[in-house]
Amino acid sequence: MPTITLPDGTTRSFKNDTTPFEIASDISEGLAQCAVGARIDGVLCDLSTPISNDAEVKLVTARKGEKESDPDALELIRHSCAHVMAEAIQRIRPAVKLVYGPALDSGFYYDISFEGSEPLSSEEFEAIEKEMASIIDEDRPFTRYELSTGDGMKKLQDEGSKYKIDNAERAIEAGSDSLTWYVTGEPNSNWEDLCRGPHVPSTGKIGAFKLQSIASSYWHGDADSDSLTRVYGVAFVHKKQLKKHLKLQEESKLRDHRVLGKKLRLFHIDEQVGQGLLLWTPNGAVVRQQLQNFIGEELQKQNYSQVFTPHIGKLDLYRTSGHYPYYQESQYPPLIDPEQLSKLASEGCTCGDLSNLMKQGDIEGYLLKPMNCPHHIRIYASSPHSYRDLPVRLAEFGTVYRWEQSGEIGGMTRVRGFTQDDAHLFCTEEQVAGELIGCLDLVKIIFKTLGMHDYKVRVGLRDADSDKYVGDPEKWDKAEDACRKAAETLGVPWVEEAGEAAFYGPKIDFIVNDVLGRPWQLGTVQVDYNLPERFDLTYIGPDGKEHRPVMIHRAPFGSMERFIGVLIEHFAGAFPTWLAPEQVRVLAISEKSNDYADTVLDALRARGIRATADQCDERIQAKIRNAADLKIPWLLVVGPRDAEKNNVSVRKRGILQDLGAVSMDTFIGALTGEISSRGESKALEICFPDSEFSIDT
RNA sequence: GCCACCGUAGCUCAGUGGUAGAGCGCAUCCUUGGUAAGGAUGAGGUCACGGGUUCAAAUCCCGUCGGCGGCUCCA
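Residues numbered from 1 in each chain as written. Chains lettered and ligands numbered in written order. Predicted model: local features only at pLDDT ≥ 70, side-chain atom pairs only at ≥ 80, totals over all residues. Heavy atoms only, no water.

Caption draft 1: Structural view of helix α14 (residues 432-449). Given a rise of 1.5 Å per residue, 18 residues ought to cover 26 Å, and the 26 Å separating the end C-alpha atoms of α14 matches this to within 8%. For α14, the complete set of buried residues consists of Val 432, Glu 435, Leu 436, Gly 438, Cys 439, Leu 440, Leu 442, Val 443, Ile 446 and Phe 447. Count one or two residues on from α14 and you reach Gly 451, which has phi positive near 70°. (Helix = DSSP H or I, 4+ residues; strand = E, 2+ residues; numbered from the N terminus. Expected span 1.5 Å × (residues − 1). Buried < 20%, exposed > 50% of the residue type's maximum accessible area, 1.4 Å probe, protein only.)

Caption draft 2: Representation of the protein's contact with RNA strand B within the structure. Around RNA strand B, the structure places 53 residues, and the nearest of them are Ser 216, Ser 406, Glu 408, Ser 590 and Asp 617. Counting only the atoms of RNA strand B that lie within 4 Å of the protein, the sugar and phosphate share comes to 47%. Between Gln 621 and RNA strand B, the recorded distance is 3.5 Å, taken from a backbone N or O atom to a sugar or linking oxygen. Within the side chain of Asp 658, one N or O atom sits 3.2 Å away from a base oxygen of RNA strand B. Secondary-structure elements contributing two or more residues to the surface near RNA strand B are β12 (208-218), β13 (227-236), α8 (257-263), α19 (620-629), α20 (640-645) and β31 (647-652). Ranked by residue count, the leading element in the surface near RNA strand B is α19, at 6 residues. Each residue belonging to the surface near RNA strand B can be placed in one class, and the counts come to 18 nonpolar, 17 polar and 18 charged. (Near = heavy atom within 4 Å. Polar contact = N/O pair within 3.5 Å; in protein donor to acceptor, adjacent residues only side chain to side chain. Nonpolar A, V, L, I, M, F, W, Y, C, P; charged D, E, K, R; others polar.)

Caption draft 3: Focus on the pattern of salt bridges. Using the criterion set out here, one finds 41 salt bridges in the structure. In this structure, the salt-bridge partner of Asp 111 is Arg 230, at a minimum N-O distance of 2.8 Å. Taken together, the positions of Asp 111 in strand β8 (residues 107-113) and Arg 230 in strand β13 put the pair 119 residues apart, joining distant regions of the chain. Comparing Asp 111 with Arg 230, the two get one shared label, buried. One salt bridge connects Arg 484 with Asp 481, and the closest N-O pair in it is separated by 3.5 Å. Highlighted residues: Arg 484 and Asp 481, both in helix α15 (residues 473-488), separated by 3 residues, approximately one helical turn. (Salt bridge = Lys/Arg side-chain N within 4 Å of Asp/Glu carboxyl O.)

Caption draft 4: Region of the structure containing the nonpolar core. Leu 291, Leu 450, Phe 563, Leu 604 and Phe 667 are the most contacted members of the largest nonpolar core, which has 89 residues in total. For this core, the leading source of residues is α14, giving 8 residues. Once residues within four sequence positions are removed from consideration, Phe 667 is found in contact with Val 584, Leu 604, Trp 634, Leu 636, Val 648, Val 650, Val 662 and Cys 687. If you look at the next biggest cluster of nonpolar residues, it comprises 42 residues, including Ala 62, Met 85, Ala 88 and Leu 242. (Core = buried A, V, L, I, M, F, W, Y, C linked by side-chain atoms within 4.5 Å. Contact = heavy atoms within 4.5 Å.)

Caption draft 5: Molecular detail of the packing of helix α5 (residues 149-159) against helix α6 (residues 162-173). Axis separation between α5 and α6 bottoms out at 9 Å; the angle between their running directions is 165°. Classified by the interaxial angle, the pair formed by α5 and α6 is roughly antiparallel. Crossing angle aside, the handedness with which α5 passes α6 is left-handed. Each of Thr 149, Met 153, Leu 156 and Gln 157 in α5 lies in contact with α6, whose residues at this interface are Lys 164, Ile 165, Ala 168, Glu 169 and Ile 172. (Axes fitted to C-alpha atoms, helices over the stretch in contact; angles between N-to-C directions. Parallel < 35°, antiparallel > 145°, perpendicular 65-115°, else oblique. Left-handed = near helix turned anticlockwise from the far one by under 90°.)

Caption draft 6: Summary view of a nonpolar patch on the surface. On the surface, Ile 312, Leu 335 and Tyr 366 cluster together into a nonpolar patch covering about 240 Å² of accessible area. For Ile 312, a relative accessible area of 33% translates into the label partly exposed. (Patch = residues over 30% accessible without salt bridge, like charges linked within 9 Å, V, L, I, M, F, W, Y side chains within 5 Å. Areas by Shrake-Rupley, 256 points an atom, 1.4 Å probe, with all protein chains shown as cover.)

Caption draft 7: Region of interest: the sheet that holds strand β9 (residues 142-148). With respect to topology, 3 strands assemble into an open sheet ordered β9-β10-β11, the strand pairing being antiparallel. At either margin of the open sheet sits one strand with a lone partner, and together these are β9 and β11 (192-194). Taking each pair of neighbouring strands and ignoring which way they run, the sheet shows an average axis angle of 25°. In this sheet, strand β10 (residues 178-184) lies alongside β9 in antiparallel orientation, the contact comprising 7 bridges. Looking at the pairing, Arg 144 lines up with Tyr 182 of β10. Each of β9, β10 and β11 touches helix α3 (residues 71-92); the most contacted strand, β9, lies at about 85° to it. Of the strands in this sheet, β9, β10 and β11 are in contact with α5, which crosses β9 at around 110°. (Pairing = 2+ DSSP bridges.)

Caption draft 8: Broad picture of unusual backbone geometry. Residue Pro 198 is bonded to the preceding Gly 197 through a cis peptide linkage, with omega at -5°. Topologically, Pro 198 is positioned in the loop between β11 and β12. Look at the link from Tyr 324 to Pro 325: it is a cis peptide, with omega at 5°. As for its placement among the helices and strands, Pro 325 is situated in the loop between α10 (315-321) and α11 (338-346). Even without being glycine, His 220 reaches a positive phi, approximately 60°. Relative to the helices and strands, His 220 is located in the loop between β12 and β13. Unlike most non-glycine residues, Ala 572 shows phi in positive territory, near 50°. With respect to the helices, strands and loops of the structure, Ala 572 is situated in the loop between α17 (560-571) and β28 (584-588).

Caption draft 9: Representation of the sheet that holds strand β29 (residues 611-614) in the model. The strand order across the open sheet built from 5 strands is β29-β28-β30-β31-β32, with neighbouring strands paired in mixed fashion. A strand with exactly one partner marks an edge of an open sheet, and here the two such strands are β29 and β32 (660-663). This sheet shows a mean twist of 35° between the axes of neighbouring strands, independent of strand direction. Looking at chain direction, strand β30 (residues 634-638) and β31 are connected through 4 bridges and run antiparallel. Counted as the bridge partner of Trp 634 is Lys 652 from β31. Along the sheet, helix α18 (residues 594-606) makes contact with β28, β29, β30 and β31, crossing β28 at roughly 165°. Strand contacts of helix α21 (residues 664-676): β28, β30, β31 and β32, with the helix running at about 85° to β32, the strand carrying the most contacts.

This is the structure we're talking about:
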């Protein structure tokens, strides 16, 4: 006699065992129609799951008319759609073996082994989608049946798919005492798949779907294991949602920093220069320079010392730091003295010999620096330090080089040479907590100034069970606590993750998603006990004895390349005036106003504003459109009327109309204020105080 | 690094065995105009690179380089 409690607190009693479907029917016919599953005591289940005890039940519904569907409904639909897709693929390609097909936040995929048969091509999508549509049209029920682990394993052994056997073994290992199958239709006559579920009641509930892409994956995520084909798709309650989703995806592509980087000429990656080596073209260089100036000013406020160091260092430096040969595979190969190299060659030295000689330190070479810290450490060590001097804060926009895997490189977010807005803080044990807070202040200022509010904060702690961490556990506890406290000062949610610490200390990372939803680590603040030890760094304490300083590595942007890549997408290329490569464009109404356009241009440039004048032989409409395409924040239309009164007619990016005329001096004064305050002061409000405009970039 | 797909004008792309194409951009000329594309003409290509098949290759095959989407990795 189960009593069911619904989300609104009302209860319903049933004489016998019941199911979510019965509960829905009991409430209304309409609800039963659109129910696709239920949460029973918080667990997502089939609509047909038997309920024999008292429970809290929340029905999951999918209504065709609704704008946004319940994420639970989408998960059920997507997981079910993965089954439908797998059946369709097996109809067309019977020899393939299914591996694993889950729902994702953004869709679903199915990993399939095409071993021994022709690889799948996206050209086959149309045929697969046709099969899928017909399975959905048939509106076949998803029928669940259960076997004991013994019978289930026997069935799987007979069928002979090692992947499904493996899935079952994993389920049993995880504590499952039975195995379940879902048949798309009637047992013994329709297609079925070993699956934990849950699913929608029938294929007809899948309102709209589309196959999206083919990728590869590894079995168990292991690069040495079988290579699988992963087919991605999306599914929704209704076609309208699918359409909206696809439109959003199209729009995302236009925000992609690789697309905008080309269109706005922000950067260039040249085949002839090398994969993952970024060329900053003049427009992108402006953005980077402005950001560097910005952070440079903040560093000065926080009493950092600027340093410069070379791009290479002796191998021995990196033997001491531990980077070489330990992280050899992610470094460019060492550079060797040419005379020494030719001598070795004449002696018949092989590449393997050479590598060993370098590892052992028998011959010396130079490394393109993979990190800035060793150089900064040698600066610290170049003079004695008293506790009175600490903290020492050494900052540098330092360019580092790493041999990233070729398949991983792309755009600005993953490159082989990048510039960190790096600094190393050398301080006493007691100063760590305060310094961490200072570092996070900087991060806060940066994100606030740039209007980036959508970031995640992760505090990486050590994994208590691992012995890979160096340093005294007591110090670790203290440092981890300092990281937590510092993270708290941010005033945004943060998560702790055990095992995410570097081997040398805990850290705080800042993670931002790109326009395709991929997460990227930007800024990082890391406590380090290891390097001061390895380099035997000291300071003289109040007791007159030598003490070991603690080091903090920090880079609030992370790297200029990755940060600006994400920033381009954040602004969709429409940079605020202080960052915009071209801040103002003067548009002459006709050739007759060219001289006045020059006058305005000279006045803008005299105040340090980045401006150009469009004096080409086009009509004003075309000039406005061209400038708008380049996302230039301010357009000044100048014609005879303006020249007469020393006015400019203003257009602001995002406002689809002429704002009217204002005196040239007023405009320039207001704009320089906006630029120097990095957007704090608004030129628009100063020039046109009485107007209300809606900005729509 | 692995798997799939892709590489044609500065950009976006069409062309799938038989004379290299379009739009935008660029140049020149006409037009001299008041707020999101005025008109005409023209230049621009070793079809990524190297090899092979073929009477004939942008097109088919192999390799290399590069891009893209995943996977794996990211001190």
